[in-house]
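Residue strings, one per chain:
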Protein chains: 2
Amino acid sequence: MAPRLRLRLRFDDGAYIGPGKADLLALIAETGSISAAAARMGMSYKRAWSLVEVLNAMFAAPLVASVRGGAHGGGAHLTETGKAVLATYGAMQANADAAAATDIAKLLALRALASRTCGSSS
Amino acid sequence: MAPRLRLRLRFDDGAYIGPGKADLLALIAETGSISAAAARMGMSYKRAWSLVEVLNAMFAAPLVASVRGGAHGGGAHLTETGKAVLATYGAMQANADAAAATDIAKLLALRALASRTCGSSS
DNA sequence: CCTCGTTATGTTTGGCGGGAAATAACGATG
DNA sequence: CATCGTTATTTCCCGCCAAACATAACGAGG
């Protein structure tokens, strides 16, 4: 099942990183291109680029390094910082999801009662 | 410091519960009124009410029971299901936050380097 | 030097979510 | 039966985000 717990980490200055930016980072790492990653996520290039701009500005060093022009027009790849952020975000998500599993199950149960509406009243 | 990790739990049908709805539930429980809770959160009554409507529809039973008219005009309170959802969400948040603490610290460190301009690479 | 694909950036437009305000329903209480 | 404060619901309007479109810069390589 798709990852159901979505995490957004908010920093004290209002900047935040969430699933959208994390997925974008992962796709940039995979495709080596901002435009290709944007296409994969079904978003416009401009939006993807603006997210990259924000990401690059909110950490100590840029997360994405891009090259303009050249053999195939250019490309983009993750810096060491970018890889570290992506990996850490993934780990955080996994850890949080595991820790919340029982509570998620409880909430799911509170919801599931609805589907049972057949015949048996409470 | 304010809780920095925000959780949004997405169900398979697209419905979700996040910090906003959870806070609203808590304030309704505390104030006994939708309008008072809305005022506390700095949102319009209409928005609060629509959130309550969504919350009531997305679980097996309504989370908020409201009374119209009467001595003081009416009011609202959490049902047993509502209390359970609120408590479980709070527990989930606490558990997830604890589990993610070390990763959060890592990300914070990746950000803080900006202030420290420290040269030592990994 | 021309092509090509990508990054980088500006401008415009449209949709839609939310806010504000107005209104109705409601029911204990005096 | 008038009052009162809250819930419930509609309508209108505006601001903002983002999509769409347009364009420039860039640089390896044929």
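Residues numbered from 1 in each chain as written. Chains lettered and ligands numbered in written order. Predicted model: local features only at pLDDT ≥ 70, side-chain atom pairs only at ≥ 80, totals over all residues. Heavy atoms only, no water.

Caption draft 1: Structural context of the protein's contact with DNA strand C. Around DNA strand C there are 20 residues in total, and Ile-34, Tyr-45, Lys-46 and Ser-66 of chain A together with Gly-69 of chain B lie nearest to it. Taking the atoms of DNA strand C that fall within 4 Å of the protein, sugar and phosphate contribute 62% of them. Interatomic distance of 3.1 Å between a backbone N/O atom of Gly-70 of chain B and a base nitrogen of DNA strand C. Of all the secondary-structure elements, those providing two or more residues to the surface near DNA strand C are helix H2 (34-41), helix H3 (45-58) and strand S3 (64-68) of chain A together with helix H3 (45-58) of chain B. Residues belonging to the surface near DNA strand C are distributed by class as follows: five nonpolar, 10 polar and five charged. (Near = heavy atom within 4 Å. Polar contact = N/O pair within 3.5 Å; in protein donor to acceptor, adjacent residues only side chain to side chain. Helix = DSSP H or I, 4+ residues; strand = E, 2+ residues; numbered from the N terminus. Nonpolar A, V, L, I, M, F, W, Y, C, P; charged D, E, K, R; others polar.)

Caption draft 2: Representation of the relation of the copies chain A and chain B within the structure. Taken as rigid bodies, chain A and chain B are interconverted by a rotation of 179° and an axial shift of 0.0 Å, the fit giving an RMSD of 0.1 Å. Put plainly, the chains are arranged around a two-fold axis. No C-alpha of chain A lies nearer the rotation axis than that of Ala-96 of chain A, which sits 2.1 Å from it. Taken as a fraction of all interface residues of chain A, those also at the interface in chain B reach 100%, which identifies the copy contact as same-surface. (Least-squares fit on C-alpha atoms with pLDDT ≥ 70 in both. Contact = heavy atoms within 4.5 Å.)

Caption draft 3: Up close: the pattern of salt bridges. Applying the stated criterion across every chain yields a total of seven salt bridges over all chains. Through salt bridges with shared partners, a single network forms among Arg-111 of chain A together with Asp-12 and Asp-13 of chain B. (Salt bridge = Lys/Arg side-chain N within 4 Å of Asp/Glu carboxyl O.)

Caption draft 4: Here's a closer look at the packing of helix H1 (residues 19-31) of chain A against H2 of chain A. All names here are of chain A. Orientation of H1 relative to H2, taken along the N-to-C sense of each, is 125°, at an axis distance of 8 Å. If you check the angle between H1 and H2, you find them oblique. Judged by the sense of rotation from one axis to the other, the crossing of H1 with H2 is right-handed. In this structure, H1 contributes Gly-20, Asp-23, Leu-24, Leu-27, Ile-28, Glu-30 and Thr-31 to the contact, and H2 contributes Ile-34, Ala-36, Ala-37, Arg-40 and Met-41. Looking at the contact of H1 with H2 residue by residue, the class counts come to seven nonpolar, two polar and three charged. (Axes fitted to C-alpha atoms, helices over the stretch in contact; angles between N-to-C directions. Parallel < 35°, antiparallel > 145°, perpendicular 65-115°, else oblique. Left-handed = near helix turned anticlockwise from the far one by under 90°.)

Caption draft 5: Main features of the interface of chain A and chain B. Between chain A and chain B, the residue contacts involve 33 residues of the former and 33 residues of the latter. Of the roughly 3200 Å² buried at the junction of chain A and chain B (both faces included), carbon and sulfur atoms supply 70%. Taken together, the connections running from chain A to chain B amount to three salt bridges. Residue Arg-111 of chain A is joined to Asp-12 of chain B by a salt bridge in which the shortest nitrogen-to-oxygen separation is 4.0 Å. Along the contact surface separating chain A from chain B lie 14 residue pairs in polar contact (both at pLDDT 80 or more). Going through the elements one at a time, strand S1 (5-10) and helix H4 (80-112) of chain A are the ones with two or more residues in the side of chain A that touches chain B. It is H4 of chain A that provides the largest number of residues to the side of chain A that touches chain B, a total of 17 residues. In the side of chain A that touches chain B, the residues fall into 21 nonpolar, three polar and nine charged. (Buried area = accessible area lost by both parts, 1.4 Å probe.)

Caption draft 6: The arrangement of the confidence of the model for chain A in detail. Here chain A averages 89 in pLDDT, and 89% of its residues register 70 or above. Across chain A, the element-wise mean pLDDT spans from 93 in strand S2 (residues 16-17) of chain A up to 96 in H1 of chain A. (pLDDT = per-residue confidence, 0-100.)

Caption draft 7: Structural context of the protein's contact with DNA strand D. With respect to spatial proximity, 20 residues lie near DNA strand D, and among them Gly-69 of chain A together with Ile-34, Tyr-45, Lys-46 and Ser-66 of chain B are the closest. The sugar-phosphate portion of DNA strand D accounts for 69% of its atoms within 4 Å of the protein, the bases making up the rest. One of the side-chain nitrogen or oxygen atoms of Ser-33 of chain B is found 3.2 Å away from a phosphate oxygen of DNA strand D. In this structure, Ile-34 of chain B approaches DNA strand D through a main-chain N or O atom, which is 2.5 Å from a phosphate oxygen.

Caption draft 8: Fine view of the packing of aromatic side chains. What the rule picks out here adds up to two aromatic pairs over all chains. Ring centres 6.2 Å apart and planes at 85° place the aromatic pair Phe-11 of chain A and Phe-59 of chain A in the edge-to-face group. Here the residue Phe-11 of chain A occupies a position in the loop between S1 and S2, and Phe-59 of chain A occupies one in the loop between H3 and S3, the gap between them amounting to 48 residues. Sitting above the plane of the Phe-11 of chain B ring, Arg-111 of chain A keeps its charged end 4.4 Å from the centroid. (Phe/Tyr/Trp six-rings, centres within 6.5 Å; stacked < 30°, edge-to-face > 60°. Lys NZ or Arg CZ within 6 Å of the ring centre and 35° of its normal.)

Caption draft 9: Representation of H2 of chain A within the structure. Residues and elements named next belong to chain A. All of the buried residues in H2 are Ile-34, Ala-37 and Ala-38. The buried residues of H2 occupy one face: seen down the axis, they fall within an arc of 100°. Those residues of H2 that are exposed and aimed more than 90 degrees away from the buried face are Ala-39 and Arg-40. Positive backbone phi, approximately 70°, marks Gly-42, located one or two places after H2. (Buried < 20%, exposed > 50% of the residue type's maximum accessible area, 1.4 Å probe, protein only. Arc of directions from axis to C-beta.)

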